[in-house]
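Next come the chains, spelled out residue by residue.
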Amino acid sequence: MAEKIECAVIGGGVVGLAIARKLAMSGREVVVLEAEEHFGTHTSSRNSEVMHAGIYYSTGSLKARLCYAGRNALYRYCAEHAVNHRRIGKVIVACDESELAGLEKYRRQAEVNGCDDLRMLTQQELEDMEPEVRCVAGFLSPSTGIIDAHGLMLAYLGDLESHGGALALRSPVLSGRLSSEGILLEVGGQESMSLLCRTVVNSAGFNAQAVARSFEGLAPVSVPSTYYAIGHYYGLSGKAPFNRLIYPVARQDWLGVHVTIDLGGQVKFGPDFAWIDRIDYRFDESREAAFYKAIRRYYPGLKDNALRPGYTGIRPKIHGPGEPAPDFVIQGPHDHGVPGLVNLYGIESPGLTSSLAIGDYVTGLLGP
Ligand SMILES: Cc1cc2nc3c(=O)[nH]c(=O)nc-3n(C[C@H](O)[C@H](O)[C@H](O)COP(=O)(O)OP(=O)(O)OC[C@H]3O[C@@H](n4cnc5c(N)ncnc54)[C@H](O)[C@@H]3O)c2cc1C
């Protein structure tokens, strides 16, 4: 006999928790089903912890809209809920003349996306603000910040629980069946169960496609392909030589090896980018030489042996090598024809920044 619940969110990462809290706050009975022993142990704890301003994303895309709305909401949320964060600002730099066009392209796209506080910096200002950085031009994004992602997830979980929702750990969703009575989920773990839900939100990160493919009754053609791309981070020993985040103009379709500073003041460089064919977080130390080379383009003062292997994160991709980077894919009942079901695919960066706005968007797709 199946247990019944109004709404199940599959995946207790920052996005699943943001959606669950919003659904609970709109009066629904909600459980988050999380496969692991703790929440947020995958992409949500293996990222740069940057609150992006919304500069890069294509006009009108979900990434552009949800990042811009999400970061404004997130700054307010962090202030109200005492989530540790800092509006530290970011300097985007052209390391040589060939990158000036790229810098200008960012500036124009940022304007279109509503980021109206960017400021071109003079050489003197660049030198005064970031004396260790070598570049030919740069601009400041004052609205870029850093955040404690774990603290944010704890706050989302607090909202969920205080509105009657629950997080079920060690509860992997094995399969689902769509029927006229609702969506029947088979949940594994020590206390396996069948759960009949009126609403299901599949927010399982890089596993979302596998979860969707297990849903009997959902057209497989609606599920995108699965790809993974790993990124490595190296830490810098000693005191931070920078005052803000430093991003070089991207030379590829990812943001390049940039500088982030965590809330404890530690500098890290990364992430780099490599396609992989399975989930494997192992750190590949053979990347070190490429990091030194990339970093010294804008930070020539980087000393030998100053980098320390840090950690890796894996981007949940829905496109493969050589294909253009797609938008977030968030499919509701109007897209796949199944009442009460939302599937989220390819929620890579800026998913953390966008999480509150994604929660609003998904709740909107499900209607009253
Ligand atoms: C290298 C890197 C750097 C990034 N930097 C930034 C940044 O600076 N700023 C920013 O805004 N964004 C950044 N991002 C993006 C951001 O981290 C993600 O968008 C966000 O963490 C995605 O959250 P999520 O909840 O969708 O996924 P996840 O955190 O992966 O959560 C999915 C959850 O689903 C669970 N799960 C999977 N399968 C099942 C199942 N069958 N049953 C139950 N549970 C299941 C998993 O255990 C996991 O906990 C970065 C991403 C990467 C990879």
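The numbering scheme is per chain: residues are counted from 1 as the chain's sequence reads. Restriction of local features to residues with pLDDT of at least 70 applies here, the model being predicted, together with a cutoff of 80 or more for giving and counting side-chain atom pairs; totals for whole chains, interfaces and linings are based on all residues.

Enquirer: Got a minute to help me understand the packing of helix 1 (residues 14–25) against helix 5 (residues 149–162) in this structure?
Expert: The packing of two helices is summarised by the inter-axis angle and the distance between the axes. Lines fitted to the C-alpha atoms define the axes, with helices restricted to the stretch that makes contact. Angles between their N-to-C directions range from 0 to 180 degrees. Helix numbers and strand numbers start at the N terminus; a helix is a DSSP run of H or I with at least 4 residues, a strand a run of E with at least 2. Running from N to C, helix 1 and helix 5 cross one another at 25°; their axes reach a closest spacing of 8 Å. Put simply, helix 1 runs roughly parallel to helix 5. Helix-helix and strand crossings are classified by hand; for helix 1 and helix 5 the assignment is left-handed. Together, V14, L17, A18, A20, R21, A24 and M25 of helix 1 and A149, L152, M153, Y156, L157, D159 and L160 of helix 5 make up the contact between the two elements. Class assignment of the residues belonging to the contact of helix 1 with helix 5 gives a composition of 12 nonpolar, no polar and two charged. Between 65 and 115 degrees an angle is taken as roughly perpendicular, under 35 as roughly parallel, over 145 as roughly antiparallel, and anywhere else as oblique. A clockwise turn of the near helix away from the far one marks a right-handed crossing, whereas an anticlockwise turn of less than a right angle marks a left-handed crossing. We call two residues in contact if the C-beta atoms placed from their backbones are at most 7 Å apart. Note that Gly is not counted as nonpolar here; it falls among the polar residues with everything else outside the nonpolar set of Ala, Val, Leu, Ile, Met, Phe, Trp, Tyr, Cys and Pro and the charged set of Asp, Glu, Lys and Arg.

Enquirer: I would appreciate a short explanation of the domain arrangement of the protein in the present structure.
Expert: Interfaces are often sized by the amount of accessible area the parts lose when they come together. The start and end points of each domain follow an automatic or database-based domain assignment. What the domain assignment reports for the protein is domain 1 (3–46 + 150–225 + 325–366) and domain 2 (90–142 + 227–317). Using only C-alpha atoms to locate each centre, domain 1 and domain 2 end up separated by 32 Å. In this assembly, nine residues from domain 1 lie in contact with 11 residues from domain 2. Looking at side-chain class alone, the side of domain 1 that touches domain 2 contains three nonpolar, four polar and two charged residues.

Enquirer: Help me understand helix 1, please; the structure alone is not making it clear to me.
Expert: Think of an α-helix as turning once every 3.6 residues; residues three or four places apart then point the same way. Take the number of residues in a helix, subtract one, and multiply by 1.5 Å to get its expected span. Over its 12 residues, helix 1 extends 16 Å from the first C-alpha to the last, a length consistent with the 16 Å expected when each residue adds 1.5 Å. Neighbour counting defines burial: a residue surrounded by 20 or more other C-beta atoms within 10 Å of its own C-beta is buried, one with 12 or fewer is exposed, and intermediate counts give partly exposed, using backbone-placed C-beta atoms. For helix 1, the tally of buried residues reaches 11 of 12 residues, placing the bulk of the element in the interior. Where helix 1 is buried, its residues contact strand 1 (3–10), strand 2 (30–33), helix 5, strand 12 (193–202), strand 21 (341–345) and helix 9 (351–366).

Enquirer: Would you mind showing me how to read the site of the ligand here?
Expert: As a matter of local geometry, the ligand sits amid 40 residues, with G11, G13, N47, G205 and G351 nearest to it. For the shell around the ligand, the elements supplying multiple residues, two or more each, are helix 1, strand 19 (307–317) and helix 9. Its residues placed into classes, the shell around the ligand shows 15 nonpolar, 20 polar and five charged. No fewer than three residues from each of domain 1 (3–46 + 150–225 + 325–366) and domain 2 (90–142 + 227–317) sit in the shell around the ligand. In this entry, near means the residue's backbone-placed C-beta atom lies within 6 Å of the molecule or strand.

Enquirer: So what exactly am I meant to see when it comes to the nonpolar core here?
Expert: Among the nonpolar cores identified, the biggest contains 101 residues, and A8, I10, L17, I19 and A20 are the most heavily contacted of them. A domain-level breakdown of this core finds at least three residues from each of domain 1 (3–46 + 150–225 + 325–366) and domain 2 (90–142 + 227–317). Ignoring anything within four residues of it in the chain, the contact list for I19 reads V9, V201, S203, I358, G359 and V362. As used throughout, a nonpolar core is a set of buried Ala, Val, Leu, Ile, Met, Phe, Trp, Tyr and Cys residues joined through C-beta atoms within 7 Å of each other.

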